[in-house]
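Residue strings, one per chain:
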Amino acid sequence: MSRVGFTTSIPVEVILAAGKTPVDLNNVFINSSSPQSMVDLAEEEGYPRNCCGWIKGLYATGLDYDMEALIAVMHGDCSNTQALMETLQLRNKKIIPFAFPFDRERAQLEAQVDKLMQFFEVDMEEVLKARARLEKIRSLCREIDRMTWRDNLVTGRENHYYLLCSSDFNGNPDLFEAELQSFVEEAGKRRPIKEEVRLAYIGVPPIFTDLHQLLEHMGARVVFNEVQRQFSMPMESQDIIEQYLHYTYPYGAFARLEDIEEQLAIRDVQGVIHYTQTFCFRQIEDLIFRERLKIPFLTLEGDRPGKVDARSRMRLESFVSMLKK
C-alpha cells in the first residue's frame, strides 16, 4: 500500500478511501531515532539557521521517506510551507497543495476537499465510508481525553501521545484502534492520579521530547493538550465538511480561543503553558492569548528537538512552584 505524507492534519478520510497509508511527517520526524540529525541534514542542504526546527525536520523526513505524494497545507498551518514544498519539488517529490480558508467559508473548503478527491479518484460515498470507520477510533480518543481531565486516570504524556497519533492513526487504523482499546481497558483499572497542579498546554505540539514527563516529576499534570485534542476531531458534526470547519487549528487565534476558554472552564485548570516554536509566526499570537486568558500564563519557547533545556526547566519549576503556593 503506497504512502501519502502531509504537513499537518488534512481530510485524512480521502487518503484512506483511496486505499493509501496516511503519514503525518511531523510524527515521523519527532519519533525518529535522531530527530536532531534530521535538522542538521536540512541545514547541510542549505536551510538557514533562523528557520523553524519543525520545517527542517519535515524537509529531511520528506527526502528520506518513500511516499507517493506529499499534501502541503499552504494556508492554515505554517507560513514556511510553500518554501518547504518548493525545496522538496527540487528533489523530485510530488506535491499536492491544500488550503484551509481563513474565514471558515464552507464552499471554499468543499472545493479543496473536491480537488483532493479528484486527485485520488474517490467519490464522497467512499470518503464518508472511511469517515464512519474512523468514528470508533476518534470516540476512543475522546474517552482517553475524558479519562485524563474528568477521571484522572491518564497522564498528560499519555494524553499527548494518543491524541497526537490520531492525525494519521500511526499509518494503520486497525492496529491503532486495538492499541487504544487496550490502553482504555488498562487505564480504567488504575487509581486516580493526585497531582498538585493542573495545567493546560496550548500551541503546537512541543519539539521537546520530555516536557510532559518533566512537569509530572514537578507535581503538575497537563489535563488539556489543545492542538493534539483537535487532531482527534473532538466536535460533533453532521458531515465531513462541517467536521473540518469545527477543527480549530487552521483558522487563527480567535477561532482557537473559543475552544480554549471553554475547555479551561470545565477542566479545573490552574495555569496555562503556551508553547511557541522559535522563528514561527505564531509567536506573535502569544500576545493575544496572554491578554485574553485570565489565568496564570507561561510562554515557553522551543527551538531544536531534544530534552527540555536548563533555562526552560528553571522557568517551568518557578511557574509550577508559584501555582502550588
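Residues numbered from 1 in each chain as written. Predicted model: local features only at pLDDT ≥ 70, side-chain atom pairs only at ≥ 80, totals over all residues. Heavy atoms only, no water.

An unreviewed UniProt entry lists the chain under the name 2-hydroxyglutaryl-CoA dehydratase, with Syntrophomonas wolfei as the source organism.

A. How the structure looks around the nonpolar core. Core analysis: the largest hydrophobic core is formed by 94 residues, its most contacted members being I71, L109, L199, L215 and L316. A total of eight residues in this core trace back to one element, the largest contributor, which is helix α7 (residues 124-149). Setting aside anything within four residues of it in sequence, one finds I71 in contact with V4, G5, F6, T7, I10, I15, I96, F98, L116 and F120. Counting residues in hydrophobic clusters, the runner-up holds 16 residues, among them W149, I202, V223 and V272. (Core = buried A, V, L, I, M, F, W, Y, C linked by side-chain atoms within 4.5 Å. Buried < 20%, exposed > 50% of the residue type's maximum accessible area, 1.4 Å probe, protein only. Helix = DSSP H or I, 4+ residues; strand = E, 2+ residues; numbered from the N terminus. Contact = heavy atoms within 4.5 Å.)

B. Here's a closer look at the pattern of salt bridges. Applying the stated criterion to the full structure yields 28 salt bridges. Its salt-bridge partner being R91, residue E45 comes within 2.9 Å of it at the nearest N-O pair. Taken together, the positions of E45 in helix α3 (residues 35-45) and R91 in the loop between α5 (81-90) and β4 (95-99) put the pair 46 residues apart, joining distant regions of the chain. Residue class for E45 comes out partly exposed when judged on its relative accessible area of 36%. What makes R91 partly exposed here is its relative accessible area of 37%. Note that E177 is salt-bridged to K136, the shortest N-O span being 3.4 Å. Within this pair, whereas E177 is found in helix α9 (residues 173-187), its partner K136 is found in helix α7, the two being separated by 41 residues in sequence. A relative accessible area of 14% places E177 in the buried class. Salt bridges sharing partners connect three or more residues here, namely D40, E43, K56 and R304. (Salt bridge = Lys/Arg side-chain N within 4 Å of Asp/Glu carboxyl O.)

C. Expanded view of the packing of α3 against helix α4 (residues 53-64). Relative orientation of the contacting elements α3 and α4 amounts to 85°, with a least axis distance of 8 Å. Compared by their axis directions, α3 and α4 come out roughly perpendicular. Together, M38, V39, L41, A42, E43 and E45 of α3 and G53, K56, G57, Y59, A60, T61 and L63 of α4 make up the contact between the two elements. When grouped by side-chain class, the residues that make up the contact of α3 with α4 number seven nonpolar, three polar and three charged. (Axes fitted to C-alpha atoms, helices over the stretch in contact; angles between N-to-C directions. Parallel < 35°, antiparallel > 145°, perpendicular 65-115°, else oblique. Nonpolar A, V, L, I, M, F, W, Y, C, P; charged D, E, K, R; others polar.)

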